[in-house]
Amino acid sequence: MPGHVQDRWYKDEEQPDGTIKRVKTDRYGVGLRYRARYVGPDGTEKSKSFPDKQKRAAEKWLSNTTADMERGQYIDPKKARITFRQYAEQWVAAQTTDVATRDAVESRLRLHSYPYLGTRPLGSFQPEHMRTWVRQLEDAGIPGTYGYVIYGNVRAVLSAAVDDGYLTRNPCDARSVRPPSPEPKRVVPWEPGRVFAVRAALPPRAQAMVDLAAGCGLRQGEVFGLGVDGVGFDTDTLHVVRQVKLVKGKPVFAPPKCEKERDVPLPAVIADALRTHMKEFEPTAITLPWKKLDGPPVTAHLLFTAKEGSAVRRNDFNDHAWKPALAAAGVIPERQRGERHQAAREHGMHALRHFYASVLLDAGESIKAVSEYLGHADASMTLRVYAHLMPTSRERTRKAVDAVFNPPALDS
């Protein structure tokens, strides 16, 4: 068996007559007696110590370690002692996704996994720890959909730990571990009356934002990032080429989601609304870094800016313009004195994109076209989200089957 178990309390000493005698060392009775030593796959010597009367335990541990090396399941003890948080922070720093995405992942790990899992050594993870953590998320009131995202981040960290030799198996892969269940919610689009009521309740410089989001399907950041260069009045087309994002709380320009620039039909009524807005609020040249805080500066003449002439910040707009408009339109309750408006995740500006999709689908537009205009990664995503908003599809199906089984009679 590779390696050996050293007895640090005794040593073999050759006597004058050539015989070998076991004698006490200067460490006799001090510290752990047995040290199991072996050479790891990296060529360095490693060891683990055991107390007196635990020689068999030391031999068994050494035997199991040797077997793990032969099976390719060996984990370096030093790696196994690294905590989840230590490894996760290294993992986040090494990600090649955009800065905003990394910030979001880091925030979820810091807020919802480190308090529960952060100090646990990677080598100690068992499925029971994941089951307990998922229950703790539930007890903390984390919604299932958000919990599912948090769980996915932790699972990704542990999968990377397996790949890097810190774990032999991801505990999330155990059949007994179940992730939080996303709430099955169907999109319920706003009625036109609600759209127009919220628009009217917004400050005048923000009202045309509703026209863009509800009439062209732009995301909130894309509305904030729309410049004069993106409005094709002569071609009846919007060119969606950038958005405003927050990176560590500071605005930057970035490509649209999924790095997908796109052209969207510009209806005449929306074009008129934009012309009116641009006459009253002249587009402003805004310079922001591209994609990251130290990115190259990019200048665009934006249609929408804050009162002080800076780029619109999502959080400020939502708290000081959007939610008060929702309350004025009766979508959410009025804010009580000294309190903030209630959370309104389902009534964010994204609701206007749902409205846009519902109008197009109700008019018979194809899923492929709607997906293209919305800038989705693919049409299957659009279908999953909006298939139930195709009110005439059942009737079309009935008529199609009736036509096959009951063809019109031929004239004699």
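The structure presented is a predicted model; accordingly, all values stated were derived computationally and were not measured. Every chain begins its residue count from 1, and numbering advances along the sequence as written. Only residues with pLDDT of at least 70 get local features here, since the model is predicted, and only at 80 or more are side-chain atom pairs given and counted; chain-wide, interface and lining totals rely on the full set of residues. In computing side-chain properties, one takes all heavy atoms of the structure into account and sets aside hydrogens as well as water.

1. Looking at unusual backbone geometry
Piece 1. The phi dihedral of Lys53 falls on the positive side, at around 70 degrees, and the residue is not glycine.
Piece 2. Considering the arrangement of structural elements, one finds Lys53 in the loop between β5 (45-50) and α1 (55-71).
Piece 3. Exposure categories follow from relative accessible area, calculated using a 1.4 Å probe and restricted to protein chains: below 20% of the type maximum is buried, above 50% is exposed, and the middle band is partly exposed. Residue classification places Lys53 among the exposed residues on the basis of a relative accessible area of 75%.
Piece 4. Despite not being glycine, Lys248 shows a phi value in the positive range, around 50 degrees.
Piece 5. Note that Lys248 resides in the loop between β8 (243-247) and β9 (250-254).
Piece 6. Lys248 sits in the exposed class, given a relative accessible area of 61%. By definition, any uninterrupted DSSP run of H or I lasting at least four residues is a helix, any uninterrupted run of E lasting at least two residues is a strand, and each is numbered from the N terminus.

2. Section: the pairing of β5
Piece 1. At least two bridges found by DSSP between two strands are what make those strands a pair. Sheet analysis places strand β4 (residues 34-39) next to β5, joined by 6 bridges and oriented antiparallel. Paired with Arg37 across the two strands is Ser47, which belongs to β5.
Piece 2. What sits between β4 and β5 in their antiparallel hairpin is a turn of 5 residues, with Gly43 showing a positive phi close to 90 degrees.

3. Section: the pattern of salt bridges
Piece 1. Salt bridges are defined by distance alone: a side-chain nitrogen of Lys or Arg within 4 Å of a carboxyl oxygen of Asp or Glu. A full pass over the atoms with the stated rule returns 18 salt bridges.
Piece 2. Arg22 is the salt-bridge partner of Asp12, the closest N and O atoms lying 3.8 Å from each other. Highlighted residues: Asp12 in strand β2 (residues 10-14) and Arg22 in strand β3 (residues 20-24), separated in sequence by 10 residues.
Piece 3. For Asp12, a relative accessible area of 54% puts it in the exposed group.
Piece 4. Note that Asp316 and Arg313 form a salt bridge whose closest N and O atoms lie 3.6 Å from each other.

4. Comments concerning the side chain of Gln220
Piece 1. The topology assignment puts Gln220 in helix α10 (residues 220-224).
Piece 2. On the basis of relative accessible area, Gln220 is assigned to the buried category, the value being 15%.
Piece 3. Here a residue-residue contact requires only that any non-hydrogen atoms of the pair lie within 4.5 Å. Apart from residues no more than four positions distant in its own chain, Gln220 is found in contact with Arg314, Phe317, Asn318 and Met349.

5. Details of the side chain of Asp211
Piece 1. Along the chain, Asp211 falls in helix α9 (residues 207-216).
Piece 2. Among residues more than four places away in sequence, those in contact with Asp211 are Arg199, Cys216, Ile270 and Ala273.

6. Focus on helix α14 (residues 367-374)
Piece 1. Among the 8 residues that make up α14, 6 are buried, leaving the element largely enclosed by the rest of the structure.
Piece 2. Those residues of α14 that sit buried are Ile367, Ala369, Val370, Ser371, Tyr373 and Leu374.
Piece 3. In this fold, the buried residues of α14 make contact with α9, β10 (262-265), α13 (350-362) and α15 (379-386).
Piece 4. Downstream of α14 by a residue or two, Gly375 has a phi angle that is positive, lying close to 75 degrees.

7. What to know about the nonpolar core
Piece 1. Counting residues in each nonpolar core, the largest one holds 59 residues, and the members touching the most others are Met209, Leu212, Val223, Leu238, Phe317 and Trp322.
Piece 2. Dropping the residues within four chain positions of it, Trp322 is found in contact with Trp190, Val198, Leu202, Val210, Phe317, His347, Gly348, Met349 and Leu352.
Piece 3. We define the nonpolar core as a collection of buried residues of types Ala, Val, Leu, Ile, Met, Phe, Trp, Tyr and Cys that are connected through side-chain atoms lying within 4.5 Å of one another. Ala88, Trp133, Ile150 and Ala160 belong to the second-largest nonpolar core, a separate cluster that totals 28 residues.

8. Points about the sheet that holds strand β1 (residues 4-7)
Piece 1. If you trace the 3 strands from one edge of the open sheet to the other, you get β1-β4-β5, paired in antiparallel fashion. Where the open sheet ends on each side, the last strands, each with one partner, are β1 and β5. Here the average twist between neighbouring strands, direction ignored, is 25 degrees.
Piece 2. Think of each axis as a best-fit line through the C-alpha atoms, taken over the contacting stretch in the case of a helix, with angles from 0 to 180 degrees between the N-to-C directions. Across the sheet, α1 is in contact with β1, β4 and β5; its angle to β4 comes to roughly 15 degrees.

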